[in-house]
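Listed here are the chains, written in short residue letters.
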Amino acid sequence: MVTAAAVVSAVLTAAGKIYPGAVVAGVVAAVGAVVAVVAERGRAHIAERAAGRSKRLYVERADRAGDPLRLGVHPAAWLTHADGRADRVPPFVARDRMPDVEAALKAGGFVLVVGDSTAGKSRLAYEAMRSCLPRHVCVRPVDSAALPAAIGIATRKRRSVLWLDDLDQYLGADGLTRSDVDGLGPRVVVLATLRAHLRDEVSARYDTARPASERTAARAGRQLLDAVTAEVRLDRTWSPAEVNAARDSPDPRIALAVGVADKHGLAETMAAGPALLRDWHDAWSATPRAADRIHGDARGAALVSAAVDIRRAGYQRPLELPMLRDLHEVYLADRGGALLHPGSWENALAWATAPLHATSSLLDPQTYQAFDYLVNEAVLDPATPPVPEAVWRTLLDRLAPDDVVDVAWRADYAGYVRHVEPTFHRVLESRHYRAAAALSEVLDNAALSHAPDLLETTISRAGGEDDVPAEDLLAMRHSLAWMLGERIGGHGDPERALGMIRQVVRDGERLLGRTHAQVLEARLTLARQLGARGEHEQALSIATDLIAVAVERNGQRHASTLNARFEAAVWTRHLHGAAAGAEQFRALLKDARSIGTAARSFVLDTAWNLGGSLLDSGDAVAAVPILDQLVVESERAYGSKHAQTLPFRRTQAAAIGAAGDPARALELTRALVEDSTQILGETHLTTLEARADLAGWLSDTGDTPAAIELLDRVLDRGTRQFGEDHWLMTEVRAERARLRGREY
């Protein structure tokens, strides 16, 4: 589900744009504060949703919870003992971190065990819980929809453990929030596990590389993880002491794992992760298989590949077989089709869901989701091909509105935003307005000029519904003001946006209170539009006031403080010169890079404005390395042709030319014009600006006639698109007149 927090966070995390004329960057997301307001109002709604989904719970006193598999521990192979008893759970081998987990549980609070897939996190947590909290009641919700019921039971018990194996499955708009944890009280211990790469992905340093709704989830996740009172990291590979302890075990499954301990962790070997990975890769072989038994072949490998990539694309719920059946054909055809001698669909499905040595399977037999070990390995392997277009298109076409937003953002960054607009219309018609608003953010992020129109339509329809909360509409209106206003110097319509954001501030103060985080963020947007209209002193005054408020409420290192400082630096630059602005941006960039929670988008925008300020102050030589690094980081996050990267490349070329290499600037700008035309179109303002830049570099390198011809083209296209009084048209006419005077 997409909440009001998701809508406003999508706006605010995208708030920082480019330098020309000192552009303001990165208004902080108000996720935590918005969620805090909305959570109580929405709890009944969440419970209603849970009634329509799984409400499965596992509730048992810890010392009676004798089956760790029910708590998420991976099964090992079946072993039949001499007395005829069979089990899938080997004896526990003490881990070096066991005392740390036990001490954390005894202290209470929120305990998190982090490590790679199949590192043994769940088993360690299970054994520690039973050892030191035997009389606590263990409450495990099977999915996020069951969380409200699980929290209710946990808080009613005298002493309880809220068990959250694979914590990422309980995050998101309808998942666990910081306010949930804060409200549990001292009698409830939260015990959770998290795969290491997912713990890292929640980091703000990756915010620019992820979809806006995923940025929302990441921010909410960071707020939740801030509540962790003890974090224990568990290595995948076992220490010498652990391996020696395992050698003493009479269990043959442990003995087998000890034999390969130099290559794999014992837990992952017993869970069959490496062996399953080999089976998947080996199944692509074109050698014909015997048809008299279930076997791996190319069709099975294609099926697993499709399931893995669906998870890579951001969809983490159970899969429908018809969709998998359709998509696996894409992978099979890509690798050779009939030349690979694929067997039947029935054989492929049976092979992929069959446990290896009675442990884990490539696909879960109930949900058909890919084994997380395979997904992790695919993500980490640089040779893994990109997710195919067919997967993006199929997911965007078929997923429910509550599930499609994350996938849409990832599709944008993968280069397939063209499939998002049909999804927007489908979601809008289904009256899922928050999801539709979030999808309009995807389209705006990709610089589609009519994205504000789509959001405006969404707001209009949502406003006519009785069940759309006022907070949601407020967040959507803030988003619209941000879309329409100036984010890049000379872009947008600050005059129109100014009236909108003033009303948003007034309505927010009435609805939420003057000091509510969402209202404070709206005031930053107000400062942006005031400054863009030329009221620089007022913009600086607002930003300065907000710095003081943010420091008092959240401290020097909080994102709200950093963003208010950014806003102040922008208007300082306008009022007191580029050198003064560069000084503030430099200090801000240093602080932002030193703070692990600073969003990468904020860091990039700060670097951009620092480079631009240095360039405008006449120090192009100092600007070049900053902008070079910026472009490298942005291309890594977005891609070289993404709408977010193109303006960075333009400023980089300008600095290189000003530093004394106009030929290189010409080369870079020519490539930029080509890419911008392809991605944004001939008449997009960024494309026209790049063409005007190209004319300048042509002139500087001696080709004045070509420069004049190019400026004529910009005037022709730009005047028809923006009118002859547009600032760029005025500048282009002046430059053309100057070049014609030089020509004669």
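Use the structure listed above.
Residues numbered from 1 in each chain as written. Predicted model: local features only at pLDDT ≥ 70, side-chain atom pairs only at ≥ 80, totals over all residues. Heavy atoms only, no water.

We now examine the overall build of the protein chain. In terms of regular secondary structure, the protein chain is built from 34 helices and eight strands. Across the 744 residues that make up the protein chain, the buried fraction comes to 58%. Intrachain contacts of the protein chain at a sequence separation of at least 6 include 71% that bridge at least 24 residues. When the accessible surface of the protein chain is split by element, carbon and sulfur atoms take 50% of a total near 29700 Å². (Helix = DSSP H or I, 4+ residues; strand = E, 2+ residues; numbered from the N terminus. Buried < 20%, exposed > 50% of the residue type's maximum accessible area, 1.4 Å probe, protein only. Contact = heavy atoms within 4.5 Å. Areas by Shrake-Rupley, 256 points an atom, 1.4 Å probe, with all protein chains shown as cover.)

Another aspect to go through is the packing of aromatic side chains. Summed over the entire model, instances satisfying the criterion amount to five aromatic pairs. Judged by centre distance (6.3 Å) and plane angle (25°), the ring pair of Trp409 and Tyr413 falls under stacked. With Trp409 and Tyr413 both in helix α18 (residues 401–414), this residue pair falls four residues apart, about one helical turn. A relative accessible area of 13% means that Tyr413 is categorised as buried. Pairing Phe566 with Phe602 gives two aromatic rings, centres 5.7 Å apart and planes at 65°, and the pair type is edge-to-face. (Phe/Tyr/Trp six-rings, centres within 6.5 Å; stacked < 30°, edge-to-face > 60°.)

Along the chain, the position of Thr719 falls in helix α33 (residues 704–722). For Thr719, a relative accessible area of 29% translates into the label partly exposed. Apart from the residues lying within four places of it in its own chain, the contact partners of Thr719 are Val714, Glu724 and Met729. At 2.7 Å, the side chain of Thr719 and the backbone oxygen of Leu715 are in polar contact. (Polar contact = N/O pair within 3.5 Å; in protein donor to acceptor, adjacent residues only side chain to side chain.)

Turning next to the nonpolar core. For soluble globular proteins, nonpolar side chains are generally found buried alongside one another. Grouped together as the largest cluster of nonpolar side chains are 135 residues, with contacts concentrated most on Trp280, Val304, Ile310, Leu374 and Leu439. At nine residues, helix α13 (residues 298–312) tops the list of elements feeding residues into this core. When residues no more than four places from it in sequence are discounted, the contact partners of Val304 are Trp280, Trp351, Ala352, Leu362, Leu363 and Leu374. (Core = buried A, V, L, I, M, F, W, Y, C linked by side-chain atoms within 4.5 Å.)

Moving on, we come to helix α27 (residues 578–594). The terminal C-alpha atoms of α27, which comprises 17 residues, lie 24 Å apart, in line with the 24 Å expected from a rise of 1.5 Å per residue. For α27, the set of buried residues is Ala578, Gly581, Ala582, Phe585, Leu588, Leu589 and Ala592. Here the buried residues of α27 occupy an arc of 135° about the axis, which is enough to place them on one side. Turned more than 90 degrees off the buried face of α27, the exposed positions are Ala579, Glu583 and Lys590. Against α26 (559–576) and α28 (600–616) lie the buried residues of α27. (Expected span 1.5 Å × (residues − 1). Arc of directions from axis to C-beta.)

As a further point, take the sheet that holds strand β7 (residues 188–195). Pairing in this open sheet of six strands is mixed, and the strands run β1-β5-β6-β7-β4-β8 from one edge to the other. Both outer strands of the open sheet, β1 (57–61) and β8 (230–234), are each paired with one neighbouring strand and no more. With strand direction ignored, the average angle separating the axes of adjacent strands in the sheet is 20°. One ladder, built from three bridges, connects strand β5 (residues 137–141) with strand β6 (residues 160–164); its direction is parallel. Counterpart to Val139 in the pairing with β6 is Leu162. Each of β4 (110–115), β5, β6, β7 and β8 touches helix α4 (residues 121–132); the most contacted strand, β7, lies at about 160° to it. Helix-sheet contacts for helix α5 (residues 147–156) involve β1, β5, β6 and β7, and the interaxial angle to β5 is about 170°. (Pairing = 2+ DSSP bridges. Axes fitted to C-alpha atoms, helices over the stretch in contact; angles between N-to-C directions.)

It is worth spelling out a positive patch on the surface at this point. A cluster of basic side chains, namely Arg64, Arg135, Arg158, Arg159 and Arg187, defines a positive patch on the protein surface. With respect to the helices and strands, the residue Arg187 is situated in the loop between α6 (178–182) and β7. (Patch = residues over 30% accessible without salt bridge, like charges linked within 9 Å, V, L, I, M, F, W, Y side chains within 5 Å. Salt bridge = Lys/Arg side-chain N within 4 Å of Asp/Glu carboxyl O. Lys, Arg positive; Asp, Glu negative; His and termini not counted. Charge placed at Lys NZ, Arg CZ, Asp CG, Glu CD.)

This part covers helix α19 (residues 420–429). Helical periodicity: at 3.6 residues per turn, an α-helix aligns residues three or four positions apart in one direction. Every buried residue belonging to α19 is among Val420, Thr423, Phe424, Val427 and Leu428, and all of these are buried. Projected down its long axis, α19 carries its buried residues within an arc of 135°, all on one side. Where α19 is buried, its residues touch α17 (389–398), α18, α20 (433–445) and α21 (451–463).

With that settled, the discussion passes to the environment of Arg649. Its location among the elements puts Arg649 in helix α30 (residues 646–658). Take Arg649: its relative accessible area is 11%, and that puts it in the buried class. It is 8.1 Å that separates the C-alpha atoms of Arg649 and Thr669, two residues lying 20 residues apart in sequence. Within the structure, Arg649 has its side chain in polar contact with the backbone oxygen of Ser640 (distance 2.9 Å).

A few words on unusual backbone geometry. Of note in the backbone geometry, Tyr368 takes a positive phi value of approximately 65° without being a glycine. With respect to the secondary-structure elements, Tyr368 resides in the loop between α15 (345–353) and α16 (372–380). Judged by relative accessible area, which is 18%, Tyr368 ranks as buried. With phi around 70°, Ala447 is a residue other than glycine that occupies positive phi space. When its relative accessible area of 23% is taken as the criterion, Ala447 is described as partly exposed.

Another point: the pattern of salt bridges. A complete count under the given rule lists 40 salt bridges for this structure. For Arg85, the salt bridge is made with Asp87, and the minimal N-O distance between the two is 3.8 Å. By relative accessible area, which is 45% here, Arg85 ends up partly exposed. What makes Asp87 buried here is its relative accessible area of 15%. Here Arg178 makes a salt bridge to Asp182, at a shortest N to O gap of 3.0 Å. Of this pair, Arg178 and Asp182 are both found in helix α6, four residues apart, which corresponds to roughly one turn of the helix. On the accessibility criterion, Arg178 (31% relative accessible area) is partly exposed. For Asp182, a relative accessible area of 51% translates into the label exposed. Three or more residues joined by partner-sharing salt bridges are found here, namely Glu682, Arg691, Arg713 and Arg717.

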